[in-house]
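# Structural overview for review
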Amino acid sequence: MKFLDQAKVYIRSGDGGAGSVSFRREKFIEFGGPDGGDGGRGGDVWLEAVNGLNTLIDYRYQQHFKAKTGVHGMGRNMTGAKGADVTLKVPAGTQVFAEDNETLICDLTVVGQRFLLAKGGNGGFGNQHFKTSTNQAPRRANPGQPGEEMNVWLRLKLIADAGLVGLPNAGKSTFLATVTAAKPKIADYPFTTLHPGLGVARIDAREFVIADIPGLIEGAHEGVGIGDRFLGHVERTRVLLHLVSAQEENPGKAYKTVRAELDAYGNGLIEKVEIVALSQVDILDADERKKKVASLKRAAGRAPMLLSAATGEGVEAVLRALMAVVGDARDRAAAPVETRWDR
């Protein structure tokens, strides 16, 4: 299944049904009068976050969504039925933008959350509403009101607890495949990862979700390489795991390159809690390891963790460090808010 994190769709709510012009005419019933019913309301267009989806691929093959028109009113004061609604099902983390792709309409972050995108038109009044003392037999009814129509952009930002960042070939996909059941593509050339990936890691009987995005290179915020388009998928994470490959000649420079791109992207990424790890350390001897750890420590301002997904060195320690930050954030979010009542 292909990964699609942005789609443009056209939506239109249903028109209201027309009111009816009808008169009660029954044998032995005097002064029957008007009995035209009202039209039904048009269907609405809803957006709903559902479980089991992590891409917007469905909206690559269908971009037009129209709710049904309300049923017209009928005689005997019968009101028409409401038109059928249309519900767009999306993954949790989906944002909806107006046609300019800048104005945020809504942000669905929780499974089950719903938002009314377009309201159906009201049904028209039947002729029973227009009866007056001077007009006992009105022959007019209102048409239904038209529905709303618009083009909107759907943009997905994955909801994960931890995000992986780093240069291409920093070992992010290998780490994800080692600690989760995800099966990302792994190869020894740059930009092996072309789309974000998700996996669930487990440590000490606790679980958290890890998001892997394509590697960043210098100038990514200007579109160099794959660019910074996929950085939005780590905006919602609680912690970033910054992997720096031990194959880098200058790990400190590699670290600063990625940090500069995060700073240029903005949206609070540079302020997130960051765990720095020197990956692929199994290829280094003792002297090289000491030298590259020192280079990365000078750049990051703290000692990096050592990691090798191939041999398992440091994997559990990194997972516990990530879980500590994630668990603390979850505890704070679940803590009751103290309310003070001042007399």
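Since the model is a prediction, treat every value here as computed from it, not as a measurement. (Residues numbered from 1 in each chain as written. Predicted model: local features only at pLDDT ≥ 70, side-chain atom pairs only at ≥ 80, totals over all residues. Heavy atoms only, no water.)

Glancing now at the overall build of the protein. Helices and strands together make up the secondary structure of the protein, namely 5 helices and 14 strands. Once the C-alpha set of the protein is aligned to its principal axes, its extents read approximately 110 × 55 × 35 Å. For the protein, the residues scored as buried account for 46% of the 343 residues in total. Counting only contacts in the protein whose residues sit at least 6 apart along the sequence, the fraction spanning at least 24 positions is 73%. Within the structure as shown, the protein displays about 18,100 Å² of accessible surface, and the carbon and sulfur contribution to it stands at 49%. Across the protein, the centroid of the 44 positively charged side chains sits 6 Å from that of the 41 negatively charged ones. (Helix = DSSP H or I, 4+ residues; strand = E, 2+ residues; numbered from the N terminus. Buried < 20%, exposed > 50% of the residue type's maximum accessible area, 1.4 Å probe, protein only. Contact = heavy atoms within 4.5 Å. Areas by Shrake-Rupley, 256 points an atom, 1.4 Å probe, with all protein chains shown as cover. Lys, Arg positive; Asp, Glu negative; His and termini not counted. Charge placed at Lys NZ, Arg CZ, Asp CG, Glu CD.)

With 4 bridges connecting them, strand β5 (residues 94–97) and strand β6 (residues 104–108) associate as antiparallel partners. By the bridge assignment, F97 is partnered in β6 with L104. The loop that links β5 with its antiparallel partner β6 comprises 6 residues; one of these, N101, has a positive phi angle of about 65°. (Pairing = 2+ DSSP bridges.)

Time to look at helix α4 (residues 286–300). Compared with the 21 Å implied by 1.5 Å per residue over 15 residues, the 21 Å span of α4 between its first and last C-alpha is a close match. Buried residues of α4: K292, V293, S295, L296, A299 and A300, and no others. In an axial view of α4, the angular spread of the buried residues amounts to 160°, which keeps them on one side of the axis. Away from the buried face of α4 by more than 90 degrees, exposed residues A286, D287, K290, K291 and R298 are located. In this structure, the buried residues of α4 make contact with β12 (239–245), α3 (251–265), β13 (273–279) and β14 (305–306). Measuring from the backbone nitrogen of D287 back to the side-chain oxygen at the start of α4 gives 3.2 Å, which picks out D285 as the cap. G301 sits one or two residues past α4 and shows a positive phi near 80°. (Expected span 1.5 Å × (residues − 1). Arc of directions from axis to C-beta. Polar contact = N/O pair within 3.5 Å; in protein donor to acceptor, adjacent residues only side chain to side chain.)

Moving on, we get to the pattern of salt bridges. If the charged atoms of two oppositely charged side chains come close together, the side chains can form a pair. Within this structure, the stated rule accounts for 19 salt bridges. The partner of R302 in a salt bridge is E274, with the nearest N and O atoms 2.9 Å apart. Placement of R302 in the loop between α4 and β14 and of E274 in strand β13 is noted, with a sequence separation of 28 residues between them. On the basis of relative accessible area, R302 is assigned to the partly exposed category, the value being 34%. The shortest N-O distance in the salt bridge between E313 and R289 comes to 2.9 Å. One end of the pair, E313, is in the loop between β14 and α5 (315–334); the other, R289, is in helix α4, and 24 residues separate them in sequence. (Salt bridge = Lys/Arg side-chain N within 4 Å of Asp/Glu carboxyl O.)

A cluster of nonpolar side chains, namely V71, M74 and M78, defines an oily patch on the protein surface of about 250 Å² accessible area. Tracing the backbone shows M78 in the loop between β3 (64–66) and β4 (86–91). Note on M78: relative accessible area 40%, which makes it partly exposed. (Patch = residues over 30% accessible without salt bridge, like charges linked within 9 Å, V, L, I, M, F, W, Y side chains within 5 Å.)

V9, I11, L47, Y59, L88 and L154 are the most contacted members of the largest nonpolar core, which has 26 residues in total. Among all residues touching Y59, those that are not within four sequence positions of it are A7, V9, F65, L88, K89, V90 and L154. Formed by 25 residues, the second largest nonpolar core is a distinct cluster that contains L167, V244, Y255 and A300. (Core = buried A, V, L, I, M, F, W, Y, C linked by side-chain atoms within 4.5 Å.)

Here we come to unusual backbone geometry. Excluding glycine, a negative phi dihedral is what most residues carry, and trans is how most peptide bonds are arranged. Here the phi dihedral of N77 falls at roughly 60°; this positive angle occurs in a residue that is not glycine. Here N77 lies in the loop between β3 and β4. On the accessibility criterion, N77 (41% relative accessible area) is partly exposed.

Structurally, S279 is set in strand β13. On the accessibility criterion, S279 (3% relative accessible area) is buried. With sequence-adjacent residues up to four places away left out, S279 is seen in contact with A170, L243, V244, S245, A246 and L307.

Once that is clear, we can look at the side chain of S13. Note that S13 resides in the loop between β1 (6–12) and β2 (45–50). Reaching out from S13, the side chain makes a polar contact with the backbone oxygen of K119 at a distance of 2.8 Å. Only 2.6 Å separates the side chain of S13 from the backbone nitrogen of E148, close enough to count as a polar contact.

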